Amino acid sequence: MGFRLANIAGRAALVDGDDYFDLFEISGGELDTDPMVAITMPHRLAELSATLHEHEPTGRLSDASVGPPIPRPPKSFAVGFNYQAHADEGGAATPTVPLVFTKFPSCLVGPTADVELRSDFCDYEAELVVVIGRGGKDIEPADAWDHVVGVTVGQDISDRVAQFVATPPHFDLGKSFDTFGPLGPVLVSVDELADCDDLRIVCMVNGDVRQSGSTAEMIFDVPTLISYLSRITTLTPGDIIFTGTPDGIGATQGKFLADGDVITTTIEDIGTIINRCVRVSDYQGETN
């Protein structure tokens with residue numbers, strides 16, 4: 001048995017259906033309240049998850065203030081053009097090595113947080129997000145899943161104006177505005193998944209299906225990404241990887257996000273995040 005971990009108002013909690021159980025309380029004070037500490041003890045989380053029926057729920061997830069399950073990752077990676085159909089729709093050549101950039105951890109928000117828009121050219125990208133549990137260097141692909149503490153649902157929101165204002169593009173800046181990294185609703189351990197290499201991803205905007213794909217369609221699968229990154233930098237517990245998005249992004253269809261739009265992102269066996277878009281200001285791309 002595995003576990004489903006949530007961040008409830010900054011406190012780690014285990015989840016069963018819509019019920020959540022404060023980790024500090026059900027462990028009798030043994031485990032820390034910090035979700036970043038909790039992920040370093042996956043075996044204990046699994047043990048406690050098996051006993052949730054013995055405890056009264058602390059509350060309901062649907063009524064709680066839910067934050068990103070990984071609120072402070074040491075490193076936050078993202079991968080571009082990792083689905084062939086997405087590379088094709090963007091007119092990009094098939095990458096021969098992973099195209100890796102960073103999303104600043106300050107962009108991360110919870111599964112129901114508002115996405116703050118600053119231009120008329122903001123875009124959605126539904127993604128599986130992988131969280132490192134056991135760090136390492138030079139990890140072999142065959143061992144890579146053993147280094148994953150869990151996975152979650154993510155949105156790689158992108159301001160295409162900020163991204164392409166310079167040459168080469170600012171992938172990192174254009175995708176790291178505050179609120180541009182919704183995550184959640186829970187971190188799901190790998191053994192809770194029917195097939196960790198084949199998960200259906202669907203993204204809707206105002207109920208209209210924009211993206212529908214499977215992680216089985218990745219050009220570079222999760223083990224390959226972890227192995228590749230670990231040969232460059234030592235991976236540490238809590239590092240996250242946005243693994244790429246299927247085709248159907250707004251830029252290729254002229255369907256950018258607008259004030260009041262609602263983005264619904266679902267990955268099977270993990271859950272759904274729902275984020276409302278709010279126009280807050282105008283991005284000024286030119287310097288004085």
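Residues numbered from 1 in each chain as written. Predicted model: local features only at pLDDT ≥ 70, side-chain atom pairs only at ≥ 80, totals over all residues. Heavy atoms only, no water.

**Side note on the overall build of the chain**
How we decide: For the purposes of this entry, the term helix denotes a DSSP run of H or I that reaches at least four residues, the term strand denotes a run of E that reaches at least two, and both are numbered from the N terminus. The quantity called the radius of gyration is restricted to C-alpha atoms. Its globule counterpart is 2.2 Å times the number of residues to the power 0.38. For every residue, the accessible area obtained with a 1.4 Å probe (protein chains only) is divided by the maximum for its type, and the residue is called buried under 20%, exposed over 50%, and partly exposed between those limits. Pairs of residues are marked as contacts when any of their non-hydrogen atoms sit within 4.5 Å. Areas reported as accessible are Shrake-Rupley estimates using a 1.4 Å probe. Residue values count occlusion only from the protein chains shown. Note that His is not counted, nor are the chain ends; the positive residues are Lys and Arg, and the negative ones are Asp and Glu. To locate a charge, take atom NZ for lysine, CZ for arginine, CG for aspartate or CD for glutamate.
A count of helices and strands for the chain gives seven helices and 19 strands. The C-alpha atoms of the chain give 18 Å as radius of gyration, which agrees with the globular expectation for 288 residues (19 Å, within 12%). With respect to the principal axes defined by its C-alpha atoms, the chain has extents near 55 × 40 × 35 Å. Looking at the chain as a whole, 52% of its 288 residues are labelled buried. Of the contacts made within the chain by residues no fewer than 6 positions apart, 77% connect residues no fewer than 24 positions apart. Summed over all atoms, the accessible surface of the chain reaches about 11,700 Å², with 51% contributed by carbon and sulfur. If you average the places of the 18 positive and of the 44 negative side-chain charges in the chain, the two averages end up 4 Å apart.

**As for the side chain of Asp159**
We count it as follows: Here, a salt bridge means any Lys or Arg side-chain nitrogen found within 4 Å of an Asp or Glu carboxyl oxygen. In protein, a polar contact requires one atom able to donate a hydrogen and another able to accept it; more generally it is a pair of N or O atoms within 3.5 Å, and residues adjacent in sequence count only if both atoms are side-chain atoms.
Relative to the assigned elements, Asp159 resides in strand β13 (residues 158-159). For the buried Asp159, no salt bridge is present, and the opposite-charge side chain at shortest range is Arg118, 7.5 Å distant. Separated by 3.0 Å, the side chain of Asp159 and the backbone nitrogen of Val161 make a polar contact. Look past the residues within four positions of Asp159 in its chain and what remains in contact with it is Arg118, Ser119, Phe121, Cys122, Gly174, Phe177, Phe180 and Tyr283.

**Regarding the packing of aromatic side chains**
Convention followed: For Phe, Tyr and Trp, where Trp contributes only its six-membered ring, two rings pair if their centres lie within 6.5 Å, and the inter-plane angle classes them as stacked under 30 degrees, edge-to-face over 60, or tilted in between. Any Lys NZ or Arg CZ that is within 6 Å of a ring centre and within 35 degrees of that ring's normal is treated as a charge sitting over the ring.
Tallied over the full model, the rule gives three aromatic pairs. It is Lys103 that lies over the ring of Phe242; its NZ or CZ is 5.5 Å from the centre.

**Examining the pattern of salt bridges**
Tallying each qualifying case throughout the model produces 18 salt bridges. Here Asp282 ties to Arg279 by a salt bridge, and the two come within 2.4 Å at their closest N and O atoms. Overlapping salt bridges bring together Lys103, Asp123, Glu125, Asp156, Arg160 and Lys175 as one network.

**A short note on the environment of Met218**
Within the secondary structure, Met218 sits in the loop between β16 (208-214) and α7 (222-230). Residue classification places Met218 among the buried residues on the basis of a relative accessible area of 9%. The sequence separation of Met218 and Ser76 amounts to 142 residues, and the corresponding C-alpha distance is 19 Å. Once you skip the residues sitting within four places of it in the chain, Met218 turns out to touch Asn82, Tyr83, Leu128 and Thr243.

**Focus on the sheet that holds strand β9 (residues 115-117)**
Strand pairing in a sheet relies on backbone hydrogen bonds, with the paired strands running either antiparallel or parallel. Spelled out, the test is: Pairing between strands requires that DSSP locate at least two bridges from one strand to the other. Fitted lines through C-alpha atoms give the axes, limited to the stretch in contact for helices. The angle between two N-to-C directions lies from 0 to 180 degrees.
The strand order across the open sheet formed by five strands is β9-β19-β18-β15-β16, and the pairing between neighbours is mixed. Of all the strands in the sheet, the pair left with one neighbour each is β9 and β16. Between one strand axis and the next, the sheet turns through 20° on average, direction left out of account. Here five bridges tie strand β15 (residues 200-205) to strand β18 (residues 262-267), and the two strands are oriented antiparallel to one another. Across the sheet, Cys203 pairs through a bridge with Thr265, a residue of β18.

**Section: α7**
By the criterion of burial, α7 is predominantly enclosed, with seven of the nine residues buried. Packing partners of the buried residues in α7 comprise β6 (76-80), β7 (99-102), β11 (126-132), β12 (148-155) and β17 (240-242).

**Observations concerning the nonpolar core**
Stated precisely, the cut-off is as follows: Among buried residues, the Ala, Val, Leu, Ile, Met, Phe, Trp, Tyr and Cys ones that are joined through side-chain atoms within 4.5 Å form a nonpolar core.
One finds Leu5, Leu14, Leu128, Ile226, Leu257 and Ile270 to be the most contacted residues of the largest nonpolar core, which totals 79 residues. Here the element with the most residues in this core is β11; it accounts for six residues. Those residues in contact with Ile270 that sit more than four places away from it in its chain are Arg4, Leu128, Val151, Thr152, Val153, Val186, Val188, Leu193 and Leu199.

**Focus on the pairing of strand β2 (residues 11-16)**
Two strands pair when backbone bridges link them, and strand β1 (residues 4-8) and β2 are joined in this way by four bridges, in the antiparallel orientation. Opposite Leu5, over in β2, you have Leu14 as the bridge partner. Where β1 hands over to β2, the hairpin turn is made up of two residues, of which Ala9 adopts a positive phi near 50°. Across four bridges, β2 lies against strand β3 (residues 19-22) in antiparallel orientation. Across the sheet, Ala13 pairs through a bridge with Asp22, a residue of β3. What sits between β2 and β3 in their antiparallel hairpin is a turn of two residues, with Gly17 showing a positive phi close to 65°.

**Some words on helix α3 (residues 42-49)**
In plain terms, the rule: Starting at the helix axis, one direction is taken to each C-beta atom, and the arc is that of these directions.
Taken residue by residue, α3 has Leu45, Ala46, Leu48 and Ser49 as its buried positions. Taken around the axis of α3, the buried residues stretch over an arc of 165°, which confines them to a single face. Tucked inside the fold, the buried residues of α3 contact β1, β2, α1 (23-26) and α2 (35-38).

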